[in-house]
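Residue-level listing of the chains:
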Amino acid sequence: MFSHEFNEADQQFLEREVLPFLPDRIIDAHAHLFCHEHYPDGGPPAGLATTPPRLGLAEFERYSEWLHPGGRVVGGLFFGLVFLGDRQANNEFIAAEIQGDSPLAAKSRGQMIISPDMDVETILDEVRRLGMTGLKCYHTMAPLNPRLGTPESGAGSYTAADPTWTAPIEAYLPEEHVAAANTLGLTITLHMVRDRALADPVNQATIRRYCESYPKMQLILAHAARGFNPWHTIEGIESLRGLDNVWFDTSAVTEAGAFEAIVETMGHEKLMYGTDFHVSHTRGRCVAIGDSFHWLYADEMDLGEKHITLQPVLIGLESLRSLRLACDRLKLTERQVEDIFYGNAAALLDIE
């Protein structure tokens, strides 16, 4: 699935759809770094099997040229991808990469993967030791939480035996972890789940409660508030109006509607460009279907379907075109576009 080549279709798409839109400086606010050896038995799950065995800053920098050539990417917010393997090793790897002596490392920050069973003191000690500026939670670790399905979650009968795609936020981001982030002024990147994402009242209530109760914690809602189906973000974004410490990244979203809703309701200052590297280097796109969404991957498509031969490009390119469409429709200024690609993340992450 991971593309090891940048082909002619990618190049033509880049030149026609993306390059006229790209600013000179970019911070990637959502990128994963990891090694295969961090996974159980020394190998990643099937979906990651085609990735290079090591994806560090040097590899990230090289592959970033496929989406934004000319050395435009000058920094990033990086976290691991080993949620069910050796998380400690992955966190150590991130810390070592962002503390290197390259120009890219100098303008990069790291988030530490946390599991919901970690105690607060361990989190605070490790954040300080590793030099991280944020936390990264993920729903697949929800069964580790002994407090699943609490009345406060509003999620009813959710238990550890259920698929974690139905988990309330509290199941994989406990309140005490948010309080810990508030203590140090940390960022938290949250990939919410549940079928309707931001349109789900349970998710809305938790996000607002966390943000209002812990104002020094900065919450980044990944994937345009999981706007893979843009209608979920469009429907739910009003519930977050007025929150000063909630942010959004654009990572891997390939439809423009969620970006438009975020900018119109929260302001362009709250939207940050991100790739979801390595996902950005898979061929395909995500499309809204009914009240859900579906990922279309090139290696699963009939490329000779119907009247034309399909030529899928990298998901990262599709996402950039969608962001361009949103910025064009909203008539954003050149400075506002630069903010989305650089200024907003630089301000949040204290990069300059």
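Since this is a predicted model, take the numbers as computed values, not measurements.

Peer 1: Explain unusual backbone geometry to me, using residue names and the numbers behind them.
Peer 2: Only a minority of non-glycine residues have a phi that is not negative, and only a minority of peptide bonds are not trans. Here the residue pair Phe277 and His278 is connected by a cis peptide bond, since its omega of 20° sits within 30 degrees of zero. A positive phi angle, near 60°, is found at His223, a position not held by glycine. Mapped onto the secondary structure, His223 falls in helix H9 (residues 222-226).

Peer 1: I'd like to hear about the pairing of strand E4 (residues 73-79), residue by residue, with values.
Peer 2: E4 sits mainly inside the fold: seven of its seven residues count as buried. Sheet topology note: the strand E1 (residues 26-32)/E4 ladder contains five bridges and is parallel. Its bridge partner being in E4, Ile26 is matched across the sheet by Val73. Pairing of E4 with strand E5 (residues 108-113) involves three bridges; the strand directions are parallel. Residue pairing for E5: Gly76 is matched across the bridge by Ser108.

Peer 1: Quick one: what's the story with the confidence of the model for the protein, residue by residue and with numbers?
Peer 2: For the protein, mean pLDDT is 93; residues scoring 70 or higher make up 93% of the total. Segment residues 144-153 is flagged for pLDDT under 50; beyond a separation of four residues in sequence, or across chains, it makes 23 contacts in the model.

Peer 1: Describe in detail the nonpolar core, supporting the description with residues and values.
Peer 2: Across soluble globular proteins, nonpolar side chains have a tendency to be buried as a group. Counting 100 residues, the largest nonpolar core has Tyr172, Ile207, Leu221, Leu240 and Phe248 as its most contacted members. Setting aside its immediate chain neighbours within four residues, Tyr172 contacts Pro116, Cys137, Tyr138, His139, Ala142, Ala167, Leu190, His191, Met192 and Val193. Judged by nonpolar contacts, the second largest core, of 14 residues, contains Leu77, Phe79, Tyr342 and Leu349.

Peer 1: An account of the sheet that holds strand E10 (residues 271-272) is requested, with residue identities and associated values reported.
Peer 2: The strand order E1-E4-E5-E6-E7-E8-E9-E10 describes an open sheet built from eight strands, whose pairing is parallel. Each edge of the sheet is formed by a strand with only one pairing partner; in this case those strands are E1 and E10. In terms of strand pairing, strand E6 (residues 134-136) meets strand E7 (residues 187-190) through three bridges, oriented parallel. Following the sheet pairing, Leu135 is matched in E7 by Ile188.

Peer 1: Any chance you could break down the environment of Ala179 for me, citing the residues and the numbers?
Peer 2: Relative to the assigned elements, Ala179 resides in helix H7 (residues 175-184). According to the relative accessible area criterion, Ala179 is partly exposed, its value standing at 24%. Between the C-alpha atoms of Ala179 and Met217, which are 38 residues apart in sequence, the distance is 7.8 Å.

Peer 1: Would you mind going over helix H11 (residues 257-266) in detail, with residue names and values included?
Peer 2: Of all ten residues that make up H11, nine are buried, and the element is covered over most of its length. Among all positions in H11, only Gly257, Ala258, Phe259, Glu260, Ala261, Ile262, Val263, Thr265 and Met266 are buried. Check the buried side of H11 and you find it contacts H9, helix H10 (230-236), strand E9 (246-249), E10 and helix H12 (315-329). Positive phi shows up at Gly267, right after H11, with a value of about 100°.

Peer 1: Could you give an account of the environment of Ile188, naming the residues involved and the relevant values?
Peer 2: Structurally, Ile188 can be placed in strand E7. We classify Ile188 as buried; its relative accessible area is 0%. Residues Ile188 and Val178 lie ten residues apart in sequence; the distance between their C-alpha atoms is 8.1 Å. Dropping the residues within four chain positions of it, Ile188 is found in contact with Gln111, Leu135, Cys137, Leu173, Val178, Ala181, Met217, Gln218, Leu219 and Ile220.

Cut-offs and rules
- Residues numbered from 1 in each chain as written.
- Predicted model: local features only at pLDDT ≥ 70, side-chain atom pairs only at ≥ 80, totals over all residues.
- Heavy atoms only, no water.
- Helix = DSSP H or I, 4+ residues; strand = E, 2+ residues; numbered from the N terminus.
- Buried < 20%, exposed > 50% of the residue type's maximum accessible area, 1.4 Å probe, protein only.
- Pairing = 2+ DSSP bridges.
- pLDDT = per-residue confidence, 0-100.
- Contact = heavy atoms within 4.5 Å.
- Core = buried A, V, L, I, M, F, W, Y, C linked by side-chain atoms within 4.5 Å.

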